[in-house]
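Listed below, chain by chain, are the residues.
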Amino acid sequence: MGTTASQLGKDLLSEYQELTFLTKQEILLAYKRFSELLSKDEKYVLNERVPMDRILTLPELKSNPFRKRICYVLSTSDSTNGSLTFEDFLDLLTAFSDSATMEIKSHYAFCIFDFDDDGTLDCGDLEKLVNCLTGETDETKLTAEEMRQLISNILEESDIDKDGTVNLSEFQHVISRSPDFVRVHVY
Amino acid sequence: MASYRNGGLFNPAYHDSETLEIDRSKSLHANPYARAERPDEPYSTGHSSGGDGLAGRGPLGGWHGESRRGGESFPMDIASTPSWQRDIHPSRSPPDSPYDRSPPVHLPSAMSGNMTMRWRGMTMRRMSMFPNGDPANEAFAEDAIRNELQNEEQNLIKELIALSTRDQIRAIRDLPMSFDEKKHIRSQVLAVKSKRSRHFTCFAECSENVSLSFRRFGYSVSSARQTLQLWQGIMKEIGSKFGTSVVIYFVFLKWLLMFNIFSFLVNFGFITLPLLVHDTSPKIPPNVSFSGLEILTGAGYFHYTVMYYGGYSNATLHGLVEYDMQLAYFFTISAYMVLCGIALIFNMGSLFMKNYVLADPTSNGAWQLLCSWDFSITNERAVRQRKNNLRVQLKESLSEKAQRERLTLSQQLRHFGVHLGSWLLSTGLAVGCGASIFYLCKYEQQATAAADWSLLQDAETLLVPFVVSLMNLVVPLFYSLFNKFEHYSSQRRQIYALVVRNVLLKMFILAVLCYHWMNVVAKFSCWESIVGQALYRLVIVDFLFLMLGSFFGEFLSNLIGTRLLPRLGVPEFDVARNVLELIYAQTLAWIGIYFSPLLPAIQILKFFILFYLKKVSLIQNCQPPRRSGRAAQMQTIFIALLFFPFFVGALSMVAYTAWSLSPSEHCGPFQGLSSTFSVVGVWMEDLEKIPGSQWAVWIYLNVIRSEIFYYFISLIIVVIIYIFWQVTQGRKQLIRLLKQRIVNDGKDKSFLLDKLQNLQKSHPDRKSQQKNQKRHSKQRPDDLSPTARSNSNAMVQALLARQRLEQEEQTSSTVPSDISSPGALTQAMLARQRAEDQEAGAHRPLSRALAVPAQAWQRAGGQERDEYFSPGFYESPVGASSMVTRRAEDPPSSASSVMMQVMQARQRAEDEERPQRAPAAPQNPAPAGSSALIQAMLARQQAQNEYDDGY
């Protein structure tokens, strides 16, 4: 603990505290967890990118059906390979922490569900979402007819302006009734 | 034009108009009507004969195109400054002065919401625009977008600087951006701040340092608080394995535990402690000794301790100050009950606000998919199980929906019969339980009256609590059995039915017990202590049964499910039943607070042990619930149930005791009084003798004891409730109207986009881009809608304003203005058409050529009219037209609208597409645009190129 604290530095730590919803202990713990993901020779932790495969070995993300999307959405890497820096990692933690605002949670959730990154949940996104939720193997998949009906139900209920897609504000409208909506516990 | 540019920078949808802006500056000299009309009019297939006749007629003068556009730029200007920004910064200076300090005239929360709104729009747009689409095409648009983003960033930073440090930090933290972006914003804000503060003395630096250290202190306090929070880790562990709906049980348990700790502290501190300090000698008769059974029965030795009402005296304690036990007892209990009530109401109110105000029963399916994934679950097995459950649930709900439509009358009747039967049966069962307890109490009373107190007698007192707890354990099992035979259309109804039945059962049992205590026991000497003992026994036996219940209910059925009958499977953790048990236990403690002030201590112990017991039992024996309801809504229901009927019942029981029953004459703090409440009267009589306290007596006589006061209070409350009810009705209506408007706007958007698409389809060399175009046209409305929604009526007003302007230009025009939102579009178009007709009439040589667009407009108008006009859409003209005049006179104050810009884009696109269709091989094939609007713009550029080539 002491060594990690000195590595992070007081100013940096307080900056992290200001910019995220995490407390000091949480940031230090996150730092520890993150530096464990790095291999031995990558000494300077803050600038290093951890590839997605290694991030996904975290037990908290290992079984999440949206794990890859989560990495892609939060990665700031130019090559969109889902690799995370420490700051991206903090972003991930703050987005899923209990104290994050609904605004931030719904924003990230929307991005996670928006599989093709076009800024709206259309039928393709919804289909992928359903497959993620129910499992993608053949015997667990819904039939095409069921899928079609399900998606039309969803659109009927949540697509307020009837343009055939669910946009961010419609999405937020739906989840505004569910305050216990996005949580992941990394601790 | 300049004002347009400035205003546009603030517009959240600026990038849409930006592309047009670039284009416009280039095309001022261009002639959009240079080419002849193509016969196949794409957007008016049914009416193309007019276009045919006019094909090939003379080119329009460029000046005319310009003048028309000049007219347009006015409403464009109206649209370009968003109203919300105007509201917030009434005196905004141009964006290039970064040190502008316009005082914020708004709440920080509104501000941050606003900023996040904007940033959301930006980031979404950025996301949707940059990653796909080929760069060549976007090259010119990208600069503009980047410019716009920078400007928005500047504005954001400026807004942030105006905030106080605390709000600033919060606002930055609340931005939905990546860490890097936040850091960037923060560093810029800090840079500006430090630049500014350099001019100040070291005082500013000092205060900065102090505030920094305060902030750091605040962080460490909050992190310390988090580590101190009880059972944080356990809750997370449970959440990761069983999901949020199970965590709710534990959160509720913890909440009740806190409640009891509070009430124990209050009771112990204000009632018991003064007595113990004053008088340490126990008042236990010498022939009574502690035998051990008391722990179960609460009688015997405990009877004489401060555990019960009887252990307190009515004396005034003379220590450092005079301490009147009567008053202390009365006020502590009443204050505690009032505080409990307030805490419950506030909790319930806030939960209701969060979970039910926006609730819409129809949107269950969307909820199921969009927010049902519980990100807190990290356990591999739990994830698999949850996926399975979700799939089953989805399939069921789909088949249910299909089934419900096919249900015949006889089936419906049968379902109704089953429901009625099970309701009758369950209510009958509850009533039977109540009756049997009533007779049991009677029997017990006779038995105890006959014999002396002995150990055996003590043990016999456990009979009633035993039977009560047994009923509480067994009857709910029957209820769940009934539930299996009933077919509920939705799972939520099923849970509600189960909860209501269980609540009825518990209410009947408690009501019978209370009746017995009030009417039979109240005649004995020192009856309050006897009631206290009965409650003590109930609490203890209930605890034992809870433990037994989790042993038999969960451990044994787990054994049976895994070893003997695998068909049954591992038991689920029934959240509703368990929470109801907690509510029942807490009600006992509330009723007992008057009779046994230290009962919360027992309750604390009970809940504490129960937490660990349930945790172990859950992790060892149970599987996550197959059907998880909405966790937050369930929580609301549970707290509402705790308040009504249980808390209200307990409160009325205690109030009845205090007001109407005469306290026992030989023990307790209120001996010798006619009722508990009369202690206040006695106090007031004492107060009258003390000078200076007349006001308290006056209040007592004229407020507390006067019916007129209560009459007025209830009258006022009724009036307020009525007003609020009316306001609610109004809001509901407003919501309905706004929803309708959103739907209409959506239709408008899709209509316009269809038009654009059709235009491109009809153009031969656009074929290759169709796919791309389609994709973008899909995404287009969504980029717009966050702002379009908030400003949806702005579009209507802007259109009306334009219409009015054009009407004023030519007095001969007779456009009807009695329109509401969907018609406005049409009307505006008709008005434009008429205006152009007029102008065409004035400029003779051009008239025939102009007739083309005019008729096109008319056709477009006609189409839209067909689409949108339904009888309900006509509204009073007065409001609309007055609004229009206001808008027309005061253009800058008009609201912006993205739709507005789409409209204009469409107009321009149509204007330009038409002449451009004639050439067979355009030299400048337009690349795929990032949006439909860019496409439209490109089309226009192409038209110009062709026009230039024509010269």
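Our structure's up above, just so we're on the same page.
The following paragraphs examine the structure supplied in this document. (Residues numbered from 1 in each chain as written. Chains lettered and ligands numbered in written order. Predicted model: local features only at pLDDT ≥ 70, side-chain atom pairs only at ≥ 80, totals over all residues. Heavy atoms only, no water.)

Concerning the overall build of chain A
Inclusion rule: Segments assigned H or I by DSSP are reported as helices when at least four residues long, segments assigned E as strands when at least two residues long, and all are numbered from the N terminus. Classification of residues uses two cut-offs on accessible area relative to the type maximum, computed with a 1.4 Å probe and protein chains only: under 20% is buried, over 50% is exposed, and between them is partly exposed. Residue contacts are counted whenever heavy atoms from the two residues lie within 4.5 Å of one another. Note on areas: these come from Shrake-Rupley sampling with a 1.4 Å probe, and a residue is covered only by the protein chains present in the view.
Per the secondary structure count, chain A includes 11 helices and 0 strands. When the helices and strands of chain A are read in sequence order from the N terminus, they spell out α-α-α-α-α-α-α-α-α-α-α. Counting every position in chain A, which comprises 187 residues, the buried fraction comes to 62%. Sequence separation of 24 or more characterises 53% of the internal contacts of chain A that already satisfy a separation of 6 or more. Element-wise, carbon and sulfur atoms account for 51% of the exposed surface of chain A, whose accessible area totals about 7200 Å².

Points about the overall build of chain B
Each helix and strand counted, chain B has 34 helices and 2 strands in total. In chain B, which comprises 951 residues, the proportion classed as buried is 51%. Across chain B, contacts joining residues at least 24 apart in sequence account for 80% of those joining residues at least 6 apart. Surface exposure of chain B reaches about 43500 Å², of which carbon and sulfur atoms provide 64%.

Considerations on the state of the cysteines
Here a disulfide denotes one covalent bond, and it connects the sulfur atoms of two cysteines. Residue and element names in this part refer to chain B. The test is simple: When two cysteine sulfur atoms are found within 2.5 Å, that pair is recorded as a disulfide.
All chains considered together, the criterion is met by 1 disulfide over all chains. Put simply, Cys 526 and Cys 667 are joined by a disulfide, and their sulfur atoms are 1.7 Å apart. Looking along the S-S bond of the Cys 526-Cys 667 disulfide, the torsion reads about 120 degrees, which is the right-handed sense. Separated by 141 residues along the polypeptide, Cys 526 in the loop between α20 (491-519) and α21 (527-564) and Cys 667 in the loop between α24 (631-660) and α25 (678-689) bring together distant segments of the chain. Given a relative accessible area of 14%, Cys 526 falls into the buried group. The class for Cys 667 is buried, based on a relative accessible area of 10%.

A closer look at the packing of helix α12 (residues 244-278) of chain B against helix α22 (residues 575-595) of chain B
Residues and elements named next belong to chain B. Applied cut-off: All axes are obtained by fitting lines to C-alpha atoms, using only the stretch in contact for helices, and the reported angles, taken between N-to-C directions, cover 0 to 180 degrees. Each angle is binned into one of four classes, with values under 35 degrees roughly parallel, values over 145 roughly antiparallel, values of 65 to 115 roughly perpendicular, and all other values oblique. Each residue gets one label: Ala, Val, Leu, Ile, Met, Phe, Trp, Tyr, Cys and Pro are nonpolar, Asp, Glu, Lys and Arg are charged, and the others, such as Gly, are polar.
Two elements in contact, α12 and α22, have axes whose closest approach is 10 Å; the angle formed by their N-to-C orientations is 10 degrees. Considering their axes alone, α12 and α22 lie roughly parallel with respect to each other. Listed contacts from α22 to Ser 245, Val 246, Tyr 249, Phe 252, Leu 253, Leu 256, Phe 259, Asn 260 and Asn 267 of α12 are Val 575, Asn 578, Val 579, Leu 582, Ile 583, Gln 586, Ala 589, Trp 590 and Ile 593. Residue composition of the contact of α12 with α22, grouped by class: 13 nonpolar, 5 polar and no charged.

Examining the nonpolar core
Under the convention used in this document: The definition of a nonpolar core used throughout is a set of buried Ala, Val, Leu, Ile, Met, Phe, Trp, Tyr and Cys residues joined through side-chain atoms within 4.5 Å.
Tyr 249, Phe 252, Leu 513, Trp 517, Leu 535 and Trp 590 of chain B are the most contacted members of the largest nonpolar core, which totals 116 residues. The biggest single contributor to this core is α22 of chain B, with 14 residues. In contact with Leu 535 of chain B, other than residues within four places in its own chain, are Trp 517, Leu 588, Ile 591, Gly 592, Phe 595 and Leu 599 of chain B. By size, the runner-up hydrophobic cluster in this structure holds 71 residues, among which are Met 52, Leu 90 and Met 147 of chain A together with Leu 394 of chain B.

What about the packing of helix α2 (residues 10-19) of chain A against helix α8 (residues 165-174) of chain B?
For the pair α2 of chain A and α8 of chain B, the least separation of the axes is 8 Å and the interaxial angle reads 70 degrees. Classified by the angle their axes make, α2 of chain A and α8 of chain B are roughly perpendicular. Contacts from Gln 17, Glu 18 and Leu 19 of chain A of α2 of chain A reach α8 of chain B at Ile 169, Ile 172 and Arg 173 of chain B. Residues of the contact of α2 of chain A with α8 of chain B, tallied by class, amount to 3 nonpolar, 1 polar and 2 charged.

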